[in-house]
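Here's the letter readout for the chains.
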Amino acid sequence: MKKFRKKIFRYATIQAIIVSISVVYLFVVKITSSWRHENTDIISKSWTGEEPVIVAFWHNRLLLMPFFWKSKSPFHMLISKHSDGNIISNIINFFGISSIRGSSSSGGSIALRKLLEVIKSSSSVGITPDGPRGPLFKANKGSITLSQLSGVKIIPVSASVSRKKIINTWDKLLFPLPFSKGICIWGEPIIIPRNLNENEKLTYIQKLEDSLNNLIVKTEKHLNGSEIK
């Protein structure tokens, strides 16, 4: 069944149908849900285009991403070259978010150069540190390397909604439902020194991973009515 689904997803017509349905659905979620953002002062200069940053969030929050970039400033997202990446890329384009195709496992060096070009043009970029194939909630070195080479900081972020389904995919994809209450929390910036040895790089990878996992806990506590500290 899994192989059949992958084969079907390769057809352009099937992809177009999925994209159309998904875009309409996400618009319904957007207009029927209320959203709250925490710590927006951290990202405000990027929303106005004054300061490009690397926005990092876990892969299973991809469907929420169009809701937490509250800006018309250019934003580019690193998306895998797989067939499901085609679908995601076309969906986010409807929400004004451009995509750069590639990953750490396929087209990585080309994608890295494109990301650096985008940042140089003062545009922010988004990366899922556990993408495109996991392990779930385990950060890879991609965003750290990009920050080193570009000189811009990493801003961790997480979001959640009160009404959702968790899809049985490798990343436990969070599928938002209409009439939700949503929360988006921006984490403290992570500044990566240009010169790092391998042990130091591992330390920053762990720091990013811990930050993103802590933000997930905070978003769920907020939705459950607990105080965020």
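Criteria and cut-off values
Residues numbered from 1 in each chain as written. Predicted model: local features only at pLDDT ≥ 70, side-chain atom pairs only at ≥ 80, totals over all residues. Heavy atoms only, no water. Helix = DSSP H or I, 4+ residues; strand = E, 2+ residues; numbered from the N terminus. Buried < 20%, exposed > 50% of the residue type's maximum accessible area, 1.4 Å probe, protein only. Contact = heavy atoms within 4.5 Å. Pairing = 2+ DSSP bridges. Axes fitted to C-alpha atoms, helices over the stretch in contact; angles between N-to-C directions.

**Q** Looking at this model, I keep getting lost on the environment of serine 158. Mind explaining?
**A** With respect to the helices and strands, serine 158 occurs in strand β6 (residues 154–161). For serine 158, a relative accessible area of 3% corresponds to the buried category. Serine 158 sits 137 residues away from isoleucine 21 along the chain, and the two C-alpha atoms are 25 Å apart. Those residues within four positions of serine 158 in sequence are excluded, and the remaining contacts are Arg61, Ile183, Cys184, Ile185, Leu215, Ile216 and Thr219.

**Q** What am I meant to see in the sheet that holds strand β1 (residues 34–38) here?
**A** The strand order β1-β9-β6-β2-β5-β3-β4 describes an open sheet built from seven strands, whose pairing is mixed. With one partner strand each, in any of the chains shown, β1 and β4 (98–101) form the two edges of the open sheet. Recorded for the sheet is a direction-independent mean angle of 25° between the axes of neighbouring strands. One ladder, built from three bridges, connects strand β2 (residues 54–56) with strand β5 (residues 124–127); its direction is parallel. Pairing of isoleucine 54 across the sheet is with valine 125, part of β5. Set on the sheet, helix α8 (residues 198–223) makes contact with β1, β2, β6 and β9 (181–186); between it and β6 the angle comes to about 30°.

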